[in-house]
Amino acid sequence: MQATRRDLFKSTFATAAAAVLPKHHIPAVSELQANFAKLDAAAALPVFKRDLFPNPVILDSIELLHYKKSWLCRVRSTDGAEGISISNAQQMASLYPIFMDRIAPFFLQQDARDLEHLLEMVMVFQSNYKATGMAMFVPLATLEFAILDMFGKMSHRPIGLLISDKIYNRKIAVYQANGERYISAEETIEHLQRDVAISHAKAIKFKLGGRMSHIETPPGRSAKLIPLVRKTFGDQMVISADSNGSYTPAEAIPIGKIMQEYNYAFYEEPVPFDDYDGLQQVADALDIPIALGEQEPSTWNFRHVLAHNAVGIVQQDMFYFGGMCRCMRVARMAAALNKQCIPHISSTGLGYLYMMHFVSAIPNSGPYHEFKEFNNDLPYTCATSTLRSDDNGIITVPTSPGVGVDIDPDYIAKHEVMKVSRPANLKDAE
């Protein structure tokens, strides 16, 4: 059988990625039913390794810590175990009241071993499901990361081993992303060359179109940039591009065909993220793998696009999708249909660190993952990784317990402590 572009993409990275990206086709009814059965079975599997902790772990205190643009979360158990997380500062600056009023009180005095159940029931509490999306999920992920850090320290394990039976990826190859629009194709090339010289990445990604708009500046930039990037960086460089929902299907398909002509690895968000019919049209017309998930808040929607073969790569964000347990269910669903997971990462704080731990724990990770510089304003140490890309464009995942970094206690002490002092009335969550 003649190899497709997706087969070629897969064979190039057989040692780095477990997923096979088959040539796109529209599933028949029987295949669709089989796909849904596989997805449901994968999503039903427990994620958090509760059996590692035989005794109750009661959350005695939950604190949100604020200093300038920094937002941290600290949890303690009645037995004195402690965990800490670094939130997405940009989003938490607006969303912290939700953390304080609608999430943390629900978790206080609960057995943290019931993490997965609590993550579901907090959405019922005070009808929080009505705020589904970033409003709920960034604060919820912030708390989950602190709880996982606590459990990792208790069990002397990195948090990847709290959500998986084994570590699949101890090292992660990075791709260098360029997030600029409204500059010329030539300027984009110059900036990619500058950044690749620092990260040593063997893969790159850049922006297409006008971000949720049909106005591209300068006009014709994308059609010019796609071949120019390939010509500049050569056949060995792995190249992808992200349109952030810039196009209608009629606009997206010709752009995708240019990407195919120049052997691009994947096409991210060709149409607005919630235009599932448009996404299907684009996927049906192209062979290049379609990636989706940065903005997606719904496990059900991931289930739908996976079953219908509308995506080849899922990109759930550790913060925007509500933490590692929820993200793991989507990764497992993708693996059930031999599709890859290349998570999106939030750019503030230590978002990349959480993404690294997550990628370490999944067998169907893509061959390259986005590199974003760590927050240099955060004073921390890491005993088991430089947390930097080496000369081969590879970062080592920390193996120390929990998240694997230690934040300077003097820096933490500068924060104002916003402590949740009273557990919620859980009648609403029964």
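Because the structure is predicted, anything quoted here is derived from the model rather than measured.

Thresholds, definitions, all that
- Residues numbered from 1 in each chain as written.
- Predicted model: local features only at pLDDT ≥ 70, side-chain atom pairs only at ≥ 80, totals over all residues.
- Heavy atoms only, no water.
- Helix = DSSP H or I, 4+ residues; strand = E, 2+ residues; numbered from the N terminus.
- Rg over C-alpha atoms; globule rule 2.2 N^0.38 Å.
- Buried < 20%, exposed > 50% of the residue type's maximum accessible area, 1.4 Å probe, protein only.
- Contact = heavy atoms within 4.5 Å.
- Salt bridge = Lys/Arg side-chain N within 4 Å of Asp/Glu carboxyl O.
- Pairing = 2+ DSSP bridges.
- Axes fitted to C-alpha atoms, helices over the stretch in contact; angles between N-to-C directions.
- Expected span 1.5 Å × (residues − 1).
- Right-handed = clockwise from strand over helix to strand, strands pointing away.
- Phe/Tyr/Trp six-rings, centres within 6.5 Å; stacked < 30°, edge-to-face > 60°.
- Lys NZ or Arg CZ within 6 Å of the ring centre and 35° of its normal.

Colleague: What is the right way to read the overall build of the chain from this model?
Modeller: Across its full length, the chain carries 13 helices and 15 strands. Computed over its C-alpha atoms, the radius of gyration of the chain comes to 21 Å, within 12% of the 22 Å expected for a compact globule of 430 residues. Counting over 430 residues, the chain shows a buried share of 60%. Across the chain, every contact between residues at least 6 apart in sequence was considered, and the portion connecting residues at least 24 apart equals 74%.

Colleague: What exactly am I supposed to notice about unusual backbone geometry here?
Modeller: A negative phi angle characterises most non-glycine residues, just as the trans form characterises most peptide bonds. Residue P218 follows T217 across a cis peptide bond; omega there is -5°. You can see P218 is positioned in the loop between β5 (203-207) and α7 (221-233). Positive phi outside glycine occurs at Y182, with the angle close to 65°. Not every positive phi belongs to a glycine, and R211 is a case in point at roughly 60°. Along the polypeptide, R211 turns up in the loop between β5 and α7.

Colleague: Looking at this model, I keep getting lost on the pattern of salt bridges. Mind explaining?
Modeller: Working definition: two side chains of opposite charge can pair if their charged atoms are close together. Taken as a whole and judged by the stated rule, the model has 13 salt bridges. Between R74 and E63 there is a salt bridge, and its shortest N-O distance comes to 2.7 Å. Linking R74 in strand β2 (residues 70-77) with E63 in strand β1 (residues 59-67), this pair joins segments that are 11 residues apart in sequence. Classification of R74 as buried rests on a relative accessible area of 13%. Since its relative accessible area comes to 6%, E63 is described here as buried. K153 serves as the salt-bridge partner of D149, at 2.9 Å between the closest nitrogen and oxygen. Taken as a pair, D149 and K153 lie in helix α5 (residues 134-155) at a separation of four residues, close to a single helical turn. Assessed through its relative accessible area of 1%, D149 is described here as buried. When salt bridges that share partners are traced, they join E63, R74, R76 and E82 into one network.

Colleague: Can you help me understand the sheet that holds β2 in this one?
Modeller: Adjacent strands of a sheet pair through backbone hydrogen bonds, lying either parallel or antiparallel. The strand order across the open sheet built from four strands is β3-β2-β1-β15, with neighbouring strands paired in antiparallel fashion. Edge positions in the sheet fall to β3 (82-86) and β15 (416-420), since each of these pairs with one other strand and no more. Across this sheet, the average inter-strand angle for adjacent strands is 20°, counted without regard to direction. Two strands pair when backbone bridges link them, and β2 and β3 are joined in this way by five bridges, in the antiparallel orientation. Directly across from L72, in β3, lies its bridge partner I86.

Colleague: Just to check I follow, could you spell out helix α8 (residues 249-261) for this structure?
Modeller: Residue pairs three or four apart in sequence face the same way in an α-helix, which turns once every 3.6 residues. Spanning 13 residues, α8 covers 18 Å between terminal C-alpha atoms, matching the ideal 18 Å at 1.5 Å per step. Those residues of α8 lying buried are P249, A252, I253, I255, G256, M259 and Q260. Of the residues one or two after α8, N263 is the one with positive phi, at around 60°.

Colleague: Hey, could you run me through the pairing of strand β4 (residues 171-177) in this one?
Modeller: Strand residues, when the strand is regular, have side chains that alternate between the two faces of the sheet. Counting buried residues in β4 gives six out of seven residues, a clear majority hidden from the surface. Pairing of β4 with strand β13 (residues 394-396), which is carried by three bridges, proceeds in the antiparallel orientation. In the sheet register, K171 faces β13, and the bridge partner there is T396. Examined bridge by bridge, β4 and strand β11 (residues 369-371) share three bridges and lie parallel to one another. Considered in β11, the bridge of Y175 is made with E370. Of the pairings in the sheet, the one linking β4 to β5 comprises two bridges and is parallel in character. What sits directly across from Q176, in β5, is I204.

Colleague: Just to check I follow, could you spell out the pairing of β5 for this structure?
Modeller: When you tally the buried positions in β5, you get five out of five residues, the bulk of the element. What you see with β5 is no split at all: A203, K205 and K207 on one side and I204 and F206 on the other are buried throughout. Of the crossover connections in this fold, the one passing from β5 over α7 to the parallel strand β6 (residues 238-242) is right-handed.

Colleague: When you look at the environment of L426 in this model, what are you seeing that I'm missing?
Modeller: For L426, the location among the structural elements is in the segment after β15. For the pair L426 and F107, spaced 319 residues apart in the sequence, the C-alpha separation amounts to 9.8 Å. Sequence-distant contacts of L426, defined by excluding residues within four places in its chain, comprise F106 and Q110.

Colleague: Honestly, the packing of aromatic side chains in this entry has me stumped. Any pointers?
Modeller: Aromatic ring pairs: the centre-centre distance and the angle between the two ring planes describe each pair. Inspection of every chain in the model, using the stated rule, returns 14 aromatic pairs. Relative to F125, the ring of F106 has its centre 5.5 Å away and its plane inclined at 40°; by these criteria the two rings are tilted. Of this pair, F106 sits in helix α3 (residues 89-107) while F125 sits in the loop between α4 (115-121) and α5, and the two are 19 residues apart along the sequence. Judged by relative accessible area, which is 2%, F125 ranks as buried. Their ring planes at 70° and their centres at 6.1 Å tell us that Y352 and F371 sit as a pair that is edge-to-face. Of the two residues, Y352 sits in helix α12 (residues 351-360) while F371 sits in strand β11, which places them 19 residues apart along the sequence. For Y352, a relative accessible area of 2% puts it in the buried group. On the accessibility criterion, F371 (9% relative accessible area) is buried. Of note, R326 hangs over the ring of F321, and the distance from its end group to the ring centre comes to 4.1 Å.

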